[in-house]
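Letter by letter, the chains look like this.
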Amino acid sequence: MSALDNSGGAITEDGRLTGNTATVIFTATGAAWIRSITATENNGGTPTLSIEKFDGTNTYFLRRAVAMTAGTQVVYNEPFLLPLSWSIRLTSGDAAGHVDWSITYDGPSAAKSR
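Residues numbered from 1 in each chain as written. Predicted model: local features only at pLDDT ≥ 70, side-chain atom pairs only at ≥ 80, totals over all residues. Heavy atoms only, no water.

1. Comments concerning the nonpolar core
Heads up, the rule is: Joining through side-chain atoms within 4.5 Å is the link that ties buried Ala, Val, Leu, Ile, Met, Phe, Trp, Tyr and Cys residues into a set, and such a set is a nonpolar core. Exposure is judged per residue with a 1.4 Å probe applied to protein chains only, and the accessible area is read against the type maximum: over 50% gives exposed, under 20% gives buried, and values in between give partly exposed. Secondary structure elements follow DSSP: runs of H or I of four or more residues count as helices, runs of E of two or more count as strands, with numbering from the N terminus.
Of all hydrophobic cores here, the largest spans 22 residues; its most connected members are Phe-26, Ile-37 and Leu-49. Looking at this core, the elements that each hand over two or more residues are strand S2 (23-27), strand S3 (32-41), strand S4 (48-54), strand S6 (73-76), strand S7 (80-82), strand S8 (87-92) and strand S9 (99-106).

2. Let's talk about the sheet that holds S4
What counts is decided by this rule: In short, DSSP must find at least two bridges between two strands for them to pair. With axes taken as lines fitted to C-alpha atoms, and helix axes fitted only over the stretch in contact, angles between N-to-C directions fall between 0 and 180 degrees.
In space, the four strands of this open sheet follow the order S2-S8-S4-S5, with antiparallel pairing throughout. Either end of the sheet is taken by a strand with one partner, and the two such strands are S2 and strand S5 (59-67). Going across the sheet, the axis of each strand differs from the next one's by a mean of 15°, ignoring polarity. Pairing between S4 and S8: six bridges, direction antiparallel. In the strand pairing of S8, Ile-51 is matched with Leu-90.

3. A closer look at the environment of Leu-81
For clarity, the cut-off: Only heavy atoms matter for contacts: two residues are in contact if any of them lie within 4.5 Å across the pair.
Here Leu-81 shows up in strand S7. What Leu-81 contacts, discounting residues up to four positions off in sequence, is Ala-31, Ala-32 and Trp-33.

4. Considerations on the pattern of salt bridges
What counts is decided by this rule: Salt bridges, as used here, are contacts in which a Lys or Arg side-chain nitrogen is within 4 Å of a carboxyl oxygen on Asp or Glu.
Throughout the structure, instances matching the rule amount to three salt bridges. Salt-bridge contacts for Asp-100 lead to Arg-16; the nearest nitrogen and oxygen are separated by 2.6 Å. On the criterion of sequence distance, the pair formed by Asp-100 in strand S9 and Arg-16 in strand S1 (residues 10-17) is long-range, its members being 84 residues apart. A relative accessible area of 24% places Asp-100 in the partly exposed class.

5. Regarding unusual backbone geometry
Backbone geometry places Ala-65, a non-glycine residue, at a positive phi of 50°. Mapped onto the elements, Ala-65 comes out in strand S5. Owing to a relative accessible area of 46%, Ala-65 belongs among the partly exposed residues under this scheme. Phi angles above zero are rare outside glycine, and Ser-85 is one such case at about 75°.

Purely spatial values, then, with no claim about function.
Spelled out as structure tokens, the structure:
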């Protein structure tokens, strides 16, 4: 079993979904430990949310079409190793997105991409 590499320290990035297509929130520039992904509905609606790993061709769902209620969070906090060049994508079921997100990962071998 591998341990989390904390030599670069944990880094948290934040953003907002503004549509209902799969949106890349992070791309690994080296194998990266993902610590957690949090998404919060921000407009009083009830969208669904999908969290996925993407290798450039295939989608691997961590959470698929999870129902959200107004102002609530979806949290994925089971650390995993994301391979080089793979991405984390989020999809809101609301046409305007209305989801704020945060991702925490171990640096420095990783970088975001939006």
